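Architecture at a glance
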Amino acid sequence: EIGVVKFTLSLKSGLKYFIDNGFVSLDAKLIALFFVENKDKLDKTQMGEALGREPDANFVKEEGVDPEKGGTGFWYSILNHYVDSFDFTGLLFDDAIRLFQSGFRLPGEAQKIDRIMEKFAERYTRQNLDVFPSADTAFILAFSVIMLNTDLHNPNIKEEKKMTLDSFIRNNRGIADGDDLPEDFLVGIYKRVKLNPFSLKEDDEARQKMKERDVLESNYFFEGPSFFGSSAEDRKKEKFRKERAEMMNATEQLFKKRSTKGKAAIATVSANTQFTDSIDPGDVVKPMFDVTWGPLIGTLSQILECSTDERSIIVCLNGFVYAVRIAAHSRMSLARDTFVNSLAKFTSLGSIKEMRYKNIESIRTLLSIAVIDGEYLNESWGPVLQCISQLARLRLFGSGLDSDEAFLHDESEPSKSIKNSSFHQTKADTDRETEETNSRAVVAAFNDLLIDKVFSSTVNLSSRSIAHFIEQLVEVSAMEIAGDSKRGISGVTASSKKLTKLGESTGEEGPRIFSLQRLVEVADFNMDVRPRLAWAQVWEIMANHFSKIGCHENAKVSIFAIDSLKQLSFKFLEKPELSEFNFQRIFLRPFLHLMENSKTREDIRELILRCVDNMIRTISHNLRSGWKIFFSILTASARDPSERINTLGLAILQRLLDEHLHQLCRLHEDDESTVSSSVISSGELSPLQKHNRNANVDDFVGLCRASISFIDTNQSSSKIPIGLSMRALCHAACYADLVAEGRVLPPVSGSQCSSKDQTGYTYEGLDEKEGLDMVLWRTLLDGLANGIKSSRHSNAGGVGCLVQRGSVLALRAILLRYGHNFSTAQWSALLTQTLLPAIQAAAESDDSPVIRITSESPSISSLDFLAEVQVLPPQPDDDGLQKFAQQSSSAERAPTRPLGEAELLVEASFADMRHGGDGNLSRAYELVNKDVQAASEEQPFPDSWIATTAPIAFGTLTDILSEVALKRGTEGRIELWPLIEKQFFLWCIGREKSDGAAWQPCEAIVRISCREINRFAIHLKSLLLTPKSEEHMAWVSAMLKTFASVLSRLVMIESSIKDELIRVKSIAYGPEESLKSEPRVELGKMETEIIVYTPFGRGKLTERREDKYMCKVGTSCTYVKDIIQLDFGGTLYRPSPGVKPIIECSSDSPAPSKDIVGEKGNGLMPMSLTEITRESWWQHLVPSLKIRCVGVHCIQYYLHDLLSFYAPLASEEDIEQLHMSLDNSRLLAAEASTHEDLSHAFQEAMFSQWGDGVEEVEEALSNIGGTSHRRGSEMFFLTQEAGATKNIIQMLSILYQFDNKSVQMWDHETYSESRLLDYIKEVLWKFIESEATDGHLIDPNVWRNASESGGKLAIYCTSFAAVVVKVLCIMLSMSREKFSKHRREFFPVLCSLVLIQSEEIRNLVKEVLERQVAPELGVSINERQASK
């Protein structure tokens, strides 16, 4: 009990007694728990004082003592531990406040209340994450609830003036980060507080014992002396009031007992008592003053205007003082404003005339009112502050110093013209003399201290009064800057006219910044003494003003505003921000508004960035929610049209990564949020740890967006230097390293969304954990994807599309380095929602000449300029990479931090690209110290994405398949391979109209995609060299199905385009001319068995018939159809290959020249008949047909080298499907190569490509011996036919010679034997016939290497020479037994081949005869040589 008494009398003495006597140790946490356990015994007021002590207060005076043991910050530590001892989990908000305040009385000082309630809001929000969006909301609502409790339960507030439910809801609108809290939530709080008021146990007992009024009497949350605590003097006054009330009650009782007095006397006493206790004096004075103030101001003004008697002037000015005071205290705003405005005009500060005694005294009186009655001036602060502004101007003028106008003069502004110069000059001289006289009088009468006192005393104003003061000061500042600072005191009131525009001058004066300077001082005075809630309201007014001033047309004014903001920001940010709060973000928002404002000057935007850089360097350790504003500012710098701003913004980002990365990636915020790996894996995180994790994620995503904005410039009109974008790509790799290394952890809770501007942006279709893990990756990967499809031109040193290529390389490095961290589902989402759409969009957006280039032969490409594919990167521990890292770290301006794996890979890739390297990153260190030189040979199409970037982008998909999908086995084959296969399929085939907008790939894309399919097949082949398994066989099947599917689809589209080309020509020239060279097809049932291959399997052609269809009204089309009985039992009806439809128009129908006939088929060909003329009928179809021929050729070309490995491992079904696809290609090419209409179309295309040089074309045709005008189409289709045939023979020969006796597989030999023999005989006899017919027309040099002559001449024998060579090699490789089995079929054709012109073929025939035939005839080689 002694300790309790000592504690009540003195906080420190009582606490020292408890410590000295062993009740508690000198430890902040133990003392906090001691307070909690003994809250019913200890004095509540002293408890509140202890919890509200300043953060730097100590208990032990010695320096260097631990804050937990009594050093600096000891009391603040007690507050932290005290609040943390409460468990608010699941409690209603008002119940939590009730519980929290049950142990102490809130102190009377606003700053102390602010600290205590700030910790409460943080604790409650941390333990109830789903209630409020941030601790700011809980903080504001906590004060609102306390005010509500005071308002509802204070008996001094009349019932009709108490806060209503609607008022409570209205007061709390927009506090949830701009949104409203649920109305039901607020209604519940209101009803519970109204039913059960907040009160302390001691107060309840005193109330019940003494039957006194409720202890809560204040109208404001920090002014109630009973509830919030009070000083000793206040308690004495309260005791005196209570004793006085008791005396009055006793006196009333005595009057009642007196029998000599009547009821009138008793009534009088009762009335007096009621008047004393209940009636506000203002209610009595106000009616009287309301009647008299009008005549009073007239009298005072008249006397003051006319009198020169000093005594009369003083009396009148005293009358103004009392009148203003009565009006202000009685809340008579009109009377108050009238008296203040009238007094302001008597100062003569708003006009130019000589000041007299009464003017000086009027100024002195006005300043006195400002200091003494400032609490009640409200809107009347306007004229007072205007007078102070003019007073300061005169003092500056009288002191001989330069005025603001001179300092802020903008030399770029034209000088104002002066009319009637002599008159105006005379008046100006007179005015100047008057001003000089007045300034001397002002300097003599007033000093700076009197003016300073007006502003320094604002710390004593209530929150409502300071808000009025700031509003009026801001308005005066706006008038000063606009050059119209006298407007409010020269005949027009401050509130009767609004400024037209802050950036424009509306008066004749120059801009002044006196009030702006004072605004900064007031902010500085009040920042640390105001509750955060009150300060936030005041700062909102000031921030808007700073945002407007920062855009002023006068650069010096703008610079001063930004410098003022910087100074205030430094002071504000010195105080650390608690978690869950956003005060920093609110305070720094003016910088962002100015940065995003298009009217802000470039030098001001640069100054803002330098302020941000300065703050990051100096006080980054205190930044919390302020990071979001800084990242948004840096993002805005990327969209700025100024290159200087772009450069500075990225330099800040670079410095931030190099020097402050540890402050951005906080894995350990404080003791409670320290997260061990075991806790992370088990998910046992406290609410604070969860919040800190999520907050770190938001900051990290903001940082990523800032860097990405320098890459993704599609939404910006600025032309960011290429070097900045390339550096930003390195940042992206750095961020990936941070995530992969676990330095930034994924969020642990929260909603997932697909909107990139919202928190929780991640991939759709993932479960909760996988989705949260990808929150860190989605923004980063999407930004790089946007860089891939960027439309900006980024060429340098002869190299094009640098940003696009760099984005691909950065994304490739990240995915190949850290792709193993992603689950298969995450990979699927990444591919379908980011990577594949980006590459496709980039391919479709390329409109360069490359998309119109087609080769004259499938085997001879005109696209040799395409970029090379990147080889797989070396491992992280590669010696070459490590050397590169060492050399990079020693370079000038190199970061002190070590490079991560992905960042190192990107840096090496960029070094290789800058110096024209070969892509081998293990040797990139050799390029570091070399000067960057322009490419020795510039790219012919540097702006073409397809030419420069597509090979690397497509190759990245192949690398992903090789490094990720294959290593995941079945999952990779089932989930990932179909996604990329589908994309390759699209690039080979195109997109039909039914799947969206029709799109046709160009030849370059087709060649690149076919090459990548082959690259993956080769990599798969190297992997499958290991012992075979079912999974290996499944991959073999998938690979062969891909080749077969792509080939089948290409052939089907090729057939459709071919038929369409024939049909269009029939429309352009007429069916008679088109059909005159075509033999009529026999109709009816087939007498002989004809075997055909279709996309649905093998079958027999049984019948041909004609079918007529109505295409349009009056137009009919007749088609010849084949009826095929398929082997599996079905029946197929298809148009007969090579037979043109006949289009007929009735005599009474209009010509179909402007109609559209038929459907667009595959959506890849134009069908409008308005485009069909004899000059243009071929234009769209021939290039499309050529591209399909090229695709078929590429697939067949790459397939040939793979068959030796894949064919023996394939199933019969896969072989059959591949055989069918190749045979369909062969048959189509064989029919198309002899078609006159196709030849005509290709010839027209060739003539068009040559322009008007027809003679040159004819000469070129005659140079090959006059081999007819079918050269163009034959070149394509003979090459295709030869390639298909060669593949078929290769595949069948491999199967025929494969020894599968040791393996239980299907019968290869039976399947392939007869087929192989038929193909060999057909190819050899047709070759012999062609050589005999056209061989004499061929230059003998062509035959020097027959196997390479196929793409040079459009003749069957030259095209099939390589096939013949292949056949002869197969004969040589056959076993003696198998060759002997078919010797009778082979021998005649071999004898005929002896006469072929090709020496290569003759030598092979000779070798076959010697090795295979001679032994059968019993002739040895030696005997044959002897006979010769």
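Here the structure is a predicted model, which is why all the values come from computation and not from measurement.

How each quantity is defined
- Residues numbered from 1 in each chain as written.
- Predicted model: local features only at pLDDT ≥ 70, side-chain atom pairs only at ≥ 80, totals over all residues.
- Heavy atoms only, no water.
- Helix = DSSP H or I, 4+ residues; strand = E, 2+ residues; numbered from the N terminus.
- Buried < 20%, exposed > 50% of the residue type's maximum accessible area, 1.4 Å probe, protein only.
- Contact = heavy atoms within 4.5 Å.
- Phe/Tyr/Trp six-rings, centres within 6.5 Å; stacked < 30°, edge-to-face > 60°.
- Axes fitted to C-alpha atoms, helices over the stretch in contact; angles between N-to-C directions.
- Parallel < 35°, antiparallel > 145°, perpendicular 65-115°, else oblique.
- pLDDT = per-residue confidence, 0-100.
- Patch = residues over 30% accessible without salt bridge, like charges linked within 9 Å, V, L, I, M, F, W, Y side chains within 5 Å.
- Areas by Shrake-Rupley, 256 points an atom, 1.4 Å probe, with all protein chains shown as cover.
- Salt bridge = Lys/Arg side-chain N within 4 Å of Asp/Glu carboxyl O.
- Left-handed = near helix turned anticlockwise from the far one by under 90°.
- Nonpolar A, V, L, I, M, F, W, Y, C, P; charged D, E, K, R; others polar.
- Lys, Arg positive; Asp, Glu negative; His and termini not counted.
- Charge placed at Lys NZ, Arg CZ, Asp CG, Glu CD.

1. Comments concerning the overall build of the protein chain
Within the protein chain one finds 57 helices and 5 strands. Buried positions account for 53% of the 1428 residues belonging to the protein chain. Excluding contacts between residues fewer than 6 apart, the proportion of contacts in the protein chain whose partners are at least 24 apart in sequence is 73%.

2. Structural notes on the packing of aromatic side chains
Under the counting rule described, the total for this entry stands at 59 aromatic pairs. Look at W539 and F546: their rings are 6.1 Å apart centre to centre, the planes differ by 35°, and that puts the pair in the tilted class. Considered together, W539 and F546 belong to a single accessibility category, that of buried residues. Ring geometry for F700 and Y735: centres 5.9 Å apart, planes at 80°, overall edge-to-face.

3. A short note on the packing of helix α43 (residues 1003-1023) against helix α46 (residues 1181-1206)
The interhelical angle for the contact between α43 and α46, taken along N-to-C directions, is 10°, at an axis separation of 9 Å. On the basis of their axis angle, the class for α43 and α46 is roughly parallel. Residues E1003, V1006, R1007, C1010, R1011, N1014, A1017, I1018, L1020 and K1021 of α43 pack against I1187, V1190, G1191, C1194, I1195, Y1198, D1201, L1202, F1205 and Y1206 of α46.

4. Looking at the side chain of T347
For T347, the location among the structural elements is in the loop between α16 (333-345) and α17 (357-372). When neighbours within four sequence positions are excluded, T347 is seen to be in contact with M355, N359, S362, I363, L366 and C387.

5. Description of the environment of C988
Locating C988 in the fold gives a position in helix α42 (residues 970-989). Sequence spacing of C988 and V1190 is 202 residues, and the spatial spacing of their C-alpha atoms is 9.8 Å. Contacts of C988, omitting those with residues within four sequence positions, involve P1001, V1006, S1009, C1010, I1013, V1046 and L1050.

6. Brief notes about the environment of S1375
Within the secondary structure, S1375 is located in the loop between α53 (1361-1373) and α54 (1376-1381). For the pair S1375 and Q1297, spaced 78 residues apart in sequence, the C-alpha to C-alpha distance is 8.0 Å.

7. Quick word on the confidence of the model for the protein chain
Residues of the protein chain with pLDDT of at least 70 account for 76%, and the chain-wide mean is 78. Throughout residues 254-278 the model reports pLDDT below 50, and contacts reaching past four residues in sequence, or to other chains, amount to 12 contacts.

8. Digging into a nonpolar patch on the surface
Judged by side-chain polarity, V284, V285, M288 and I326 come together as a nonpolar surface patch covering roughly 290 Å² of accessible area. In terms of residue count, the dominant contributor to the nonpolar patch is helix α14 (residues 281-306) (3 residues). Considering the arrangement of structural elements, one finds I326 in helix α15 (residues 310-329).

9. So, the packing of helix α3 (residues 28-37) against helix α5 (residues 74-84)
The contact between α3 and α5 brings their axes to 8 Å, and the two run at 55°. Taken together, α3 and α5 sit at an angle that is classed as oblique. Regarding α3 and α5, the two cross each other, and that crossing is right-handed. Here A28, K29, I31, A32, F35 and V36 of α3 come into contact with α5, specifically with F74, S77, I78, H81 and Y82. Its residues assigned to classes, the contact of α3 with α5 shows 8 nonpolar, 2 polar and 1 charged.

10. Remarks on the pattern of salt bridges
Within this structure, the stated rule accounts for 51 salt bridges. Across the pair R512 and E480 runs a salt bridge, and its minimum N-O distance is 3.6 Å. Here the residue R512 occupies a position in the loop between α22 (463-481) and α23 (514-526), and E480 occupies one in helix α22, the gap between them amounting to 32 residues. Accessibility classification places R512 together with E480 in one group, the buried group.

11. Let's talk about a positive patch on the surface
Side chains of K158, K161, K286, R331 and R464 sit close together on the surface and give a patch of like positive charge. Checked against the element boundaries, K158 lands in the loop between α8 (135-153) and α9 (165-171). Residue class for K158 comes out partly exposed when judged on its relative accessible area of 46%.

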